[in-house]
Amino acid sequence: MSVREQDVEILIAQIRNIILNKPITDVKKTENAQLIDLQDAISYLANCLSEGNEFLKNLSEGNLNVATPSRHNFLASSLKELHAGLRHITWQAGQVANGDYKQKVSFLGEFSTSFNKMAAQLEERENALKKQTDALTHSMNLLVAVMDGLHDFVLVTEKDTQAILYTNQAAQERFYDINTGLHICGTPNCEMFDCLFSEKHIEQEDAFEYTCPKNNKTWSTKTFAIQWSGKMAYVHFISDITGAKEQKNQLEYMAFKDELTGLYNRRYGIRKLSEMIAAKKKFAVCLIDLDQLKLVNDKLGHTLGDEYITTVTSEMTRLCGEKCNLFRVGGDEFVALLDGGTEQEMRAYATELERSIAAIHRSYTMAISCGILGIEENTTLTTEQVMACVDEKMYAIKNKKKQRRAAAYSVNA
């Protein structure tokens, strides 16, 4: 039987559809018995290729859960092996993600090399991180041991919640019990804690001092921002500086106070005068000199001389208002500074002081000579010029008294 041209065209159409990846189910069947087997073979090939193409399309899209081609599709055997390999690599990647860095790939050429290198690098990094973590844990344990041995109180609070994460042994025994939530004074509330735990942002460190109204103890606190067990936290170091504060006050007293009178001394007085001038303030200054103190010391002794000084000091202090500051600037010289006062107000003070002293009866005569100066705001005078001016005024009055005494002596003689 001869092959018809129409049958050949049917076969060519089927082959064309295979090439164009088009379905061939609608292609007409040949009626030529010699070509039926050929057409069936072409149809089988087309089905295998179509099934393989669909399978390959899913693989290219990463869909590994798709059904594999049928076992009769001999053309898809390599794709099936690829599919199995990809599924195994996916499982291996999951194992690596869970920390199993021993997984190795050996059947994908350059990809295998990159995958194996990645797994080795991840293992190295994790080992390095473990070493760092172990070192940090050791350092943290050492830090806790050191803080437990400190006499100062240490508290660690979480940054966001202000929850107490740690207290050292000293804090638990003598400051704050983390189990009961009570302070050493037995109360659940503490103003210093409120200040420590207030919401604030500390870049590096913060510090303040607090005096407890319950026991009059003074505390110094220093706060540092740190990482504590993976949390942002603040570590607070709290020191009892009550003794140091008292010692500082004592040293200040010794440095700036006159032992006999209890007034501030010349060093402090000159500093205060300089501060008022620098602040451009209005004030009045009075230099007070005790008349004939040397004569009392020489004839009656220093005990009565000291009595002279303390008696006048008591009167100066009694008559001094809140805005007036007194200083002993020499053996027999004192300075009074009246903040915001005028020369007239200072003269009234000096006059009242002279009258008060004159009314006191002693075995010796007590009197004072005063040099008074009013200072306006924004003065251009220096501290030295102010002191020189009141000193000159005081000695002018002192000289007048000497002249009067000399004149009286001449008349009596």
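See the structure printed just above.
Residues numbered from 1 in each chain as written. Predicted model: local features only at pLDDT ≥ 70, side-chain atom pairs only at ≥ 80, totals over all residues. Heavy atoms only, no water.

Looking at the pairing of strand β9 (residues 283-290)
Here is step 1: Among the eight residues that make up β9, eight are buried, leaving the element largely enclosed by the rest of the structure.
Here is step 2: Summarising the sheet, β9 and strand β11 (residues 333-339) pair through seven bridges and their orientation is antiparallel. Its bridge partner lying in β11, Ile-288 is registered against Phe-334.
Here is step 3: As judged from the eight bridges shared by β9 and strand β12 (residues 368-375), these two strands associate in the antiparallel manner. Paired with Ile-288 across the bridge in β12 is Cys-370. (Buried < 20%, exposed > 50% of the residue type's maximum accessible area, 1.4 Å probe, protein only. Helix = DSSP H or I, 4+ residues; strand = E, 2+ residues; numbered from the N terminus. Pairing = 2+ DSSP bridges.)

Description of the pattern of salt bridges
Here is step 1: Across all of its chains, the model carries 15 salt bridges by this definition.
Here is step 2: For Lys-217, the salt bridge identified is with Asp-240, shortest N-O distance 3.4 Å. With Lys-217 in the loop between β5 (205-211) and β6 (218-228) and Asp-240 in strand β7 (residues 231-240), the pair connects residues that are 23 residues apart, well separated along the chain.
Here is step 3: What makes Asp-240 partly exposed here is its relative accessible area of 38%. (Salt bridge = Lys/Arg side-chain N within 4 Å of Asp/Glu carboxyl O.)

Some remarks on the nonpolar core
Here is step 1: By size, the foremost hydrophobic cluster in this structure holds 27 residues, and its most contacted members are Ile-288 and Tyr-349.
Here is step 2: Listed by contribution, the elements that provide at least two residues to this core are β9, α9 (293-300), α10 (302-319), β10 (324-328), β11, α11 (343-358) and β12.
Here is step 3: Take this core: its biggest share by element is five residues, from α11.
Here is step 4: Excluding anything up to four places from it in sequence, Tyr-349 contacts Ile-288, Met-316, Leu-319, Cys-320, Leu-326 and Ala-336.
Here is step 5: Residues Val-329, Val-335, Leu-373 and Ile-375 belong to the second largest nonpolar core, which totals 18 residues. (Core = buried A, V, L, I, M, F, W, Y, C linked by side-chain atoms within 4.5 Å. Contact = heavy atoms within 4.5 Å.)

Quick word on α11
Here is step 1: The end-to-end C-alpha distance of α11 is 22 Å, a good match for the 22 Å that 16 residues give at a rise of 1.5 Å each.
Here is step 2: Among the residues making up α11, those that are buried are Met-346, Tyr-349, Ala-350, Leu-353, Ser-356 and Ile-357. The buried residues of α11 all sit within an arc of 125° when viewed along its axis, so they share a single face. Away from its buried face, by an angle of more than 90 degrees, α11 presents the exposed residues Gln-344, Arg-355 and Ala-358.
Here is step 3: The secondary structure elements touched by the buried residues of α11 are β9, α10, β10, β11 and β12. (Expected span 1.5 Å × (residues − 1). Arc of directions from axis to C-beta.)

A few points about the sheet that holds strand β8 (residues 264-265)
Here is step 1: A sheet is described by the order of its strands in space; here five strands give the open sequence β8-β10-β11-β9-β12, paired in mixed fashion. Sheet topology places β8 and β12 at the edges, where each strand pairs with a single neighbour.
Here is step 2: In this sheet, β10 lies alongside β8 in parallel orientation, the contact comprising two bridges. If you follow Asn-265 over to β10, its bridge partner there is Arg-328.
Here is step 3: Packed on one face of the sheet, α10 meets β9, β10, β11 and β12 and runs near 155° to β9. (Axes fitted to C-alpha atoms, helices over the stretch in contact; angles between N-to-C directions.)

Observations regarding the sheet that holds β7
Note: strands within a sheet are paired through backbone hydrogen bonds, in either parallel or antiparallel orientation.
Here is step 1: A sheet is described by the order of its strands in space; here five strands give the open sequence β2-β1-β7-β6-β5, paired in antiparallel fashion. The open sheet has two edge strands with one neighbour each: β2 (164-167) and β5. This sheet shows a mean twist of 20° between the axes of neighbouring strands, independent of strand direction.
Here is step 2: Of the strand pairs in this sheet, β5 and β6 are connected by seven bridges, and their pairing is antiparallel.

Considering a positive patch on the surface
Here is step 1: A cluster of like positive charges, contributed by Lys-400, Lys-402, Arg-404 and Arg-405, occupies part of the molecular surface.
Here is step 2: Locating Arg-404 in the fold gives a position in helix α12 (residues 383-412). (Patch = residues over 30% accessible without salt bridge, like charges linked within 9 Å, V, L, I, M, F, W, Y side chains within 5 Å. Areas by Shrake-Rupley, 256 points an atom, 1.4 Å probe, with all protein chains shown as cover. Lys, Arg positive; Asp, Glu negative; His and termini not counted. Charge placed at Lys NZ, Arg CZ, Asp CG, Glu CD.)

Here we look at the packing of aromatic side chains
Here is step 1: Evaluated as defined, the whole model comprises seven aromatic pairs.
Here is step 2: Centre to centre, the rings of Tyr-268 and Phe-327 are 6.2 Å apart; their planes meet at 40°, and the pair counts as tilted. Of this pair, Tyr-268 sits in helix α8 (residues 266-278) while Phe-327 sits in strand β10, placing them 59 residues apart in sequence. Accessibility assignment for this pair places Tyr-268 and Phe-327 in one class, buried.
Here is step 3: Ring centres of Tyr-308 and Tyr-364 lie 5.6 Å apart, and the angle between their planes is 40°; on these two criteria the pair is classed as tilted. One end of the pair, Tyr-308, is in helix α10; the other, Tyr-364, is in the loop between α11 and β12, with 56 residues separating them in the sequence. Of the two residues, Tyr-308 and Tyr-364, neither departs from the other in class, the shared state being buried. (Phe/Tyr/Trp six-rings, centres within 6.5 Å; stacked < 30°, edge-to-face > 60°.)

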